[in-house]
Amino acid sequence: MKLVITIIFPLMLVFAQDQKNDSTPNAISVYWKTLEPNEKEIFLFSYLTQVYDTHQKMINDLGYGEVTTWYYDNRAELIYGIFDQVNQDGMKEFMGWIDEYYTHEEFAGNSFDDALSFAFRFQQASGETIWEKYENLKFGKIKPKK
């Protein structure tokens, strides 16, 4: 019995490690990486505008019902925050945070909304370096820039 456990357990660990390292990138992360900086700005603005327009259309057509509230809570709220907080000058930095997010292969399969959320949180966090921002976010000391 010990021999069987000794053989099977290491094999299970090897297969578990292989599964963790297998991250399949999604279409948006692959597309984002192929864009030039000015194309990224156009894509980002188009994406933000599309979410905003969809939410406004839902309000006009459906009112403030359950579906519209869900869409706001899960999609539009972040977009409104980005529009409110990120000015024209800050858009380049914001796109840099999206680039940073997608340089980590473990995030390649995540949604574009996850990348936007990451970029928004890091751009708004206090600190001069990425490490300071990470430490401030990690310990809950998010202090928006003035």
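Note that the coordinates shown come from a computational prediction; the quantities given were computed from them, not determined experimentally.

Chemist: What should I look at first to understand the overall build of the chain in this one?
Modeler: Broken down by element type, the chain carries seven helices and zero strands. Its helices and strands taken in sequence order, the chain reads α-α-α-α-α-α-α from the N to the C terminus. Put simply, the chain has 146 residues, and 32% of those count as buried. Expressed as a percentage of contacts within the chain between residues at least 6 apart in sequence, the contacts between residues at least 24 apart total 54%. Accessible surface, the chain: about 10100 Å² in total, of which carbon and sulfur atoms supply 59%.

Chemist: Help me understand the environment of P37 in this model?
Modeler: Tracing the backbone through its elements, the reader meets P37 in helix α3 (residues 37-62). Sequence spacing of P37 and M95 is 58 residues, and the spatial spacing of their C-alpha atoms is 8.3 Å.

Chemist: Help me understand the packing of aromatic side chains, please; the structure alone is not making it clear to me.
Modeler: Given two aromatic rings, one states the distance between the centres and the angle between the planes to describe the pair. Under the defined criterion, the tally for this structure stands at 15 aromatic pairs. Between Y52 and Y80, the ring centres sit 5.4 Å apart and the planes meet at 80°, which makes this aromatic pair edge-to-face. Here Y52 is found in helix α3, whereas its partner Y80 is found in helix α4 (residues 66-85), with 28 residues between them in sequence. On the accessibility criterion, Y52 (33% relative accessible area) is partly exposed. Residue Y80 is classed as buried on the basis of its relative accessible area of 17%. When the ring of Y72 is compared with that of Y80, the centres are 5.8 Å apart and the planes differ by 35°; the resulting orientation is tilted.

Chemist: What exactly am I supposed to notice about the packing of helix α2 (residues 27-34) against helix α5 (residues 90-103) here?
Modeler: Geometry of a packed helix pair, given as the angle between the helix axes and the separation of the axes. Contact geometry for α2 and α5: axes closest at 11 Å, N-to-C directions at 120°. In terms of orientation, α2 lies oblique with respect to α5. Where α2 crosses over α5, the handedness of that crossing is left-handed. For the pair α2 and α5, contact is made by I28, S29, W32 and K33 and by M95, I98, D99 and Y102, respectively. Across the contact of α2 with α5, the residue classes break down as five nonpolar, one polar and two charged.

Chemist: Please explain the environment of Q85 as it appears in this structure.
Modeler: Its place among the elements puts Q85 in helix α4. Considering only alpha carbons, one finds Q85 and Q124, 39 residues apart in sequence, at a separation of 8.3 Å. Contact partners of Q85, with chain neighbours within four places excluded, come to F120 and Q124.

Chemist: Hey, could you run me through the confidence of the model for the chain in this one?
Modeler: A low pLDDT score tells you not to read the predicted coordinates there in detail. Residues with a pLDDT of 70 or more make up 68% of the chain, whose mean pLDDT is 78. By mean pLDDT, helix α1 (residues 2-21) is the weakest element of the chain at 47, and α3 is the strongest at 93. Of the regions scoring below 50 in pLDDT, residues 13-22 engages in zero contacts with residues more than four places distant in sequence or in other chains.

Chemist: Help me out: how do you make sense of the side chain of D113 in this one?
Modeler: Inspection of the secondary structure puts D113 in helix α6 (residues 112-124). Taking the relative accessible area as the measure of exposure, D113 reaches 12% and is therefore buried. Each residue touching D113, except ones within four places of it in the same chain, is listed here: Y47, R75 and L78.

Calculation criteria
The residue count restarts for each chain, going from 1 along the sequence in the order it is written. For a predicted model such as this one, the threshold for reporting local features is a pLDDT of at least 70, and the threshold for listing and counting side-chain atom pairs is 80 or more; totals across whole chains, interfaces and linings nevertheless cover every residue. The side-chain values count all of the structure's non-hydrogen atoms but skip hydrogen atoms and water molecules. Under the scheme used here, helices are H or I runs from DSSP no shorter than 4 residues and strands are E runs no shorter than 2 residues, and both carry numbers assigned from the N terminus. Burial classes follow relative accessibility: with a 1.4 Å probe on protein chains only, a residue under 20% of its type's maximum area counts as buried, one over 50% as exposed, and anything between as partly exposed. Contacts are assigned to residue pairs with any non-hydrogen atoms lying within 4.5 Å of each other. The protein chains shown are the only cover counted for residues, whose accessible areas, like all others here, come from Shrake-Rupley with a 1.4 Å probe. Each aromatic pair joins two rings of Phe, Tyr and Trp (for Trp, the six-membered one) with centres within 6.5 Å, and gets the label stacked for planes under 30 degrees apart, edge-to-face for over 60, and tilted for any other angle. Orientation is described by axes fitted as lines to C-alpha atoms, over the contacting stretch for helices, and by angles from 0 to 180 degrees between their N-to-C directions. When describing relative orientation, an angle under 35 degrees is termed roughly parallel and one over 145 degrees roughly antiparallel, while 65 to 115 degrees is termed roughly perpendicular and anything else oblique. What makes a crossing left-handed is the near helix being turned counterclockwise from the far one by less than a right angle; a clockwise turn instead makes it right-handed. Basically, the charged four are Asp, Glu, Lys and Arg, the nonpolar ten are Ala, Val, Leu, Ile, Met, Phe, Trp, Tyr, Cys and Pro, and anything else, Gly included, counts as polar. pLDDT gives the predictor's per-residue confidence on a scale running from 0 to 100.

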